[in-house]
Amino acid sequence: MTEHDRMCGSRCLGPMTFHLQLTGQYVTIDQGGQLASRDTSSFMNGLAFLSRTVKLDEKICIRIEDCTSSWDGALRVGFTNICPNTHRIPPASIPELRDIPGYCVVPVPEVLCRCSAVIQFWINYARMVIVQGKSGERFYLKATRLNLNKPLWVFIDLYGSTNTVRLLGSRRGSRTSCPVCPLNTTPGINCLVGHTTDGESQMQEEKYHKSSLILAVNNHREDTRKARKPSSCWEPNLFLLQYANQKTVPSPADHSELTRAGLGIPVCESKRSVDLNWTWRELNQFICSSYPLVELDSIGFYAAKAEKHGRLCRIQGNTLKKLKKELGESVLYIIPMRDIVLNEMSTNTLSSVMNTNGLSTPYSPPPVTAQQRRCRLTSTNSSFSNSSLNSSMEDMDISSLLREFQRMHLSTSEQISVRVYRNKLLQSTKDALSNCSFLWTKIPLVTFVGEQALDCGGPRREFFRILMLEVQRSLGIFEGKPGHLFFTYDQMALEKHKYELAGNLIAWSVAHGGPGLKALDPCLYLLMCTQECHLVDFDWHLIPDADIQEKLQKILSCNTTPELHKLQREQGDWICECGFPGIYGPDISIRDVPKIYSFAVRHYVYLRTSNMIHQFTKGLNAYGQFWDMVKANWIEFLPIFTNIHESLSRSTFKALFQIHWSKAGTKKREDEEKTIHRWDLLLQMIEDQKTELHYEELLVFITGADEVPPLGFSQKPSIHFYEPERHGCRLPYANTCMMGLFLPRVVKDEVELYRLLMRAVRDSGEFGRI
C-alpha cells in the first residue's frame, strides 16, 4: 500500500490541483493549487493544466470565481494524450490545439460561464466529452482524436471573459479526489511533446505528478497532526432522493438516473468526512455543499435509512454520534421536504463547428418522460448533428450499478455447488443450470473435476473467464472476427434456445463478479440498445459472409448513373429484401447510395437476426432484468459487451500488487529487493514486447482473471517470496484464491526470472499442477 493509500484510503482518486508550472504566460496559481487566475490585461495565454492524469468517467468539478466584461469569448476545457511541456504551452487552445491529433478542446457555452457558476466535465468510454451546468443542462462533443488507452491530461483555458476558476475536485462513482493542502514548492517536469514511446510516456506521466503527490501528502500529514482525533470523524455514504414521499430505496435504474441528474451519490465533496462534534447546523451545511446542483438549503430535507425489504425509515438520533450508531455502515438517505424538479438531461448538443468566440445556441426539444428518454435514438457519428443525445451518454459508475444489482438479487449466504469438467466446460455448465436445485442468485462454489482446489474465489474467476470464451467459440451462435462478432442466423439453435442460454450465462457471470462477453461488434451493440448508429462508414470487411461482402462492395463502388442501373439489375431484388424497395423508384440517384449501403448493413447485422437477438436479450433479462439495466446504461456497459476496454500496461499491472517484505535490514529483505528489481525489469521486457509472455497471462496465472473485473478484486493481489531449493529447481507458483504470486528470493537476472515464470505459467493449465 502506498503512502497516498494509507493517508486517504481506497476511495480516494488522488489529490487534484492545478500544476504550478504548466500554465500560460498570464496565469497565476494560488490557494494550494486550487485557484487559477488570468491577468485581465489579455484575453489569452490562460491555459492551466491539472497536476495529474484523470480516468475515464472521472467528473471534474470547477467553479467560475470571476469574470470580466472587457473581452468576448469564454472558458474552454480539454483533454490530451500528449504529455504537456512547460516550454510549449500555446497562447490559446483554439485554434492552436483543436486540430492536433491527441487533443480535444471543448468551448464551454457562454450561458454556463457566469460568475459563481459550477461546471462539471468528463469523458466517457464512448469518447464523448460531456459538460454539465448547475441547472442540469448538458453539452456533448465527440473526442475523435484521443486514444482512450493512453494517459489523459486535462487543461483549462481561461479565455475571454473567464479569468478566475476554482478547482472543486473530482468524482468517479463513489471515489472522490482527496483533500489537498497548500503546496509550498514547485514540482518540475521534463518531457518532450509528441516524441515519446509508450514506455517513455508512462515514465513522464509518473514524473509529471509524483512531486505534486508527495508534496500534497506531506502537507496533509502535517495538517493531520493538528486536526482532531480520527475517532471523531465519520464518512457517511450520502444518497439524495428526488421525491418527498419516497417510501422505498430506488431501483438500480432509478439509482443511476438520480446520480446522473446531480442527486444520488454526491457529485463532489468539499469535505470528505463529518466531525462527530459538529452541530446539526454544520451537518446540514455539509450535506447541502455535497450537492452543488441542488438548492437543498431552501428545499429542506431529513435523513432516513433503509430497513428490511428496502423500506425507508426516518432516523431519530438527536446527536451525530447517535445518528452514526443508528445508521452503522448503511447509506444515509436524504429525503427532500418537497419534490425536486429536474431539468431535462439530454436537451443540448455542442456544435461541431467551433470558433474562437464560442458556440451556437443549443437545441432544446420538448420535455419527455424518463422512459421516452431511454428509448430515444442517438447519433454516434464523429461530429454532432441537431438531434438530441440520449440521457445515458454521461457518467455512470458501473461498479455502483452492479453492486446495487447484487444487493437486490443475490444471496449473501446461500451457496450452490457447480461441478464442471475443464475439457467439457460448456456442456457441464449446461447440466448444472438444468439441475432443479440451481438458482442463479446463490453464490457458486466451482469445482473443476479431477483438480485439487477449493473455491475461495480463484476457481470461480477461472471458471467464468473460460466460460465466456466458450460462449463465443463453442455455442455456435456467433460469427465474425474477434471483437466484431455478430449473431448467426440459425433456426435450429433458436429452437434449442442456445441464444437464451448465452444470455443466461453472461448475466450470471457479470452478476457474480465475472467478465462479460467483450466481443460484440460495437455497431451491433448500439442497435441492440436502440441507439441510432450511422452505418455509412461501416467496414464491410467485418461481415463474415463473403457473398455479402461482395454485394456491399459493389454498392460502395457505385459512382455513376450507369453503375447504379447495373446495380439495380444485379442486386435490386436483394436490396429490396434488405428493406429498401426504393431501389426501383423513379427518383433514385447516386446520392442515395450511402443510404442503400446503410440499409443493407443494418439488415444483415441486426434485422435479419432479430429473433435471435430477442431470445438472447430474453436470456439476459431472465436474471434480474439484467438487459433492461444494460439498455438504460448502455455507455457504461460498452466494456462488458464489446472489446472496448483499457489494456494492461506496465504501470497499471505493477500497481495491482502489494509486496509482503521480510523485516528491513535482514538478508532475506536484501534478497527480496533484488528479486523485485528483476521483476520490474521483466515487466519492462513485456512492455517492450521482448518476451512471449503477456500481462494478461500473468494475471490469469495469479488471479484466474485476464483483466481487472468490473467490480474489482475482492482483495489486492500480492507478491510473496520463498527460499529456492539447494538441489533442483522450484518454479514460481501462485494461489488464485488469495491472488498471491510466490517468487524465489534469489534469482540470477531478469532473463532467468522470465524463464522460470514462463515454465510456471505454461505448465499451469489445471489447479494443483504446481
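The structure this text deals with has already been given above.
Residues numbered from 1 in each chain as written. Predicted model: local features only at pLDDT ≥ 70, side-chain atom pairs only at ≥ 80, totals over all residues. Heavy atoms only, no water.

Asks: So what exactly am I meant to see when it comes to the sheet that holds strand β25 (residues 718-722) here?
Replies: With mixed pairing, the four strands of this open sheet are ordered in space as β24-β25-β27-β26. Each edge of the sheet is formed by a strand with only one pairing partner; in this case those strands are β24 (658-659) and β26 (733-735). The strands touched by helix α22 (residues 695-703) are β26 and β27 (740-744); relative to β26, the strand with the most contacts, the crossing angle is about 60°. (Pairing = 2+ DSSP bridges. Helix = DSSP H or I, 4+ residues; strand = E, 2+ residues; numbered from the N terminus. Contact = heavy atoms within 4.5 Å. Axes fitted to C-alpha atoms, helices over the stretch in contact; angles between N-to-C directions.)

Asks: Quick question: what am I supposed to make of empty space enclosed by the protein here?
Replies: Rolled over the atoms, a probe sized like a water molecule indicates the empty space that remains. All chains considered together, the criterion is met by three cavities of 30 Å³ or more. Volume-wise, the largest cavity comes out at about 90 Å³. Considering the residues around the largest cavity, the lining is formed by Arg461, Arg465, Gly513, Gly514, Pro515, Gly704, Ala705, Asp706, Glu707, Val708, Pro709 and Pro710. Its residues assigned to classes, the lining of the largest cavity comprises five nonpolar, three polar and four charged. (1 Å grid on protein atoms, 1.4 Å probe; cavity = no way out; pocket = protein on both sides within 12 Å on 5 of 7 lines; lining within 4 Å. Points joined across faces, edges and corners; volume = space filled by probe spheres on them. Nonpolar A, V, L, I, M, F, W, Y, C, P; charged D, E, K, R; others polar.)

Asks: What's the story with unusual backbone geometry in this structure? I'm lost.
Replies: As a rule of thumb, non-glycine residues mostly have phi less than zero, and peptide bonds are mostly trans rather than cis. With an omega of 10°, the peptide bond between Ile94 and Pro95 qualifies as cis. Within the element layout of this structure, Pro95 appears in the loop between β6 (76-80) and β7 (103-107). At Ser116, a position not held by glycine, the phi torsion is positive, near 75°. Here Ser116 shows up in the loop between β7 and β8 (118-123). Positive phi outside glycine occurs at His497, with the angle close to 60°. For His497, the position within the fold is in the loop between α11 (491-495) and α12 (498-511).

Asks: In this structure, what is going on with the nonpolar core? I would like to understand it.
Replies: Among the nonpolar cores identified, the biggest contains 91 residues, and Trp508, Phe626, Phe637 and Phe641 are the most heavily contacted of them. No other element matches α12, which puts nine residues into this core. Apart from residues lying up to four places away in sequence, Phe641 is in contact with Ile506, Lys518, Ala519, Leu520, Tyr525, Phe616, Leu620, Phe626, Trp627 and Val630. Listed in part, the 38 residues of the second largest apolar core include Phe18, Ala36, Leu75 and Leu112. (Core = buried A, V, L, I, M, F, W, Y, C linked by side-chain atoms within 4.5 Å. Buried < 20%, exposed > 50% of the residue type's maximum accessible area, 1.4 Å probe, protein only.)

Asks: Even after reading the chapter, I still don't get the side chain of Gln531, so can you show me in this structure?
Replies: Residue placement: Gln531 occurs in the loop between α13 (522-528) and α14 (546-556). A relative accessible area of 1% means that Gln531 is categorised as buried. Reaching out from Gln531, the side chain makes a polar contact with the backbone oxygen of Cys529 at a distance of 3.0 Å. (Polar contact = N/O pair within 3.5 Å; in protein donor to acceptor, adjacent residues only side chain to side chain.)

Asks: For this particular structure, what's the right way to read the sheet that holds strand β1 (residues 18-23)?
Replies: The strand order β1-β4-β11-β6-β7 describes an open sheet built from five strands, whose pairing is antiparallel. A single partner strand is all that each edge strand has here, and the edge strands are β1 and β7. When strand polarity is set aside, the average angle formed by the axes of neighbouring strands in this sheet is 25°. Here β6 pairs with strand β11 (residues 153-157) via five bridges, running antiparallel. Considered in β11, the bridge of Val77 is made with Ile156.

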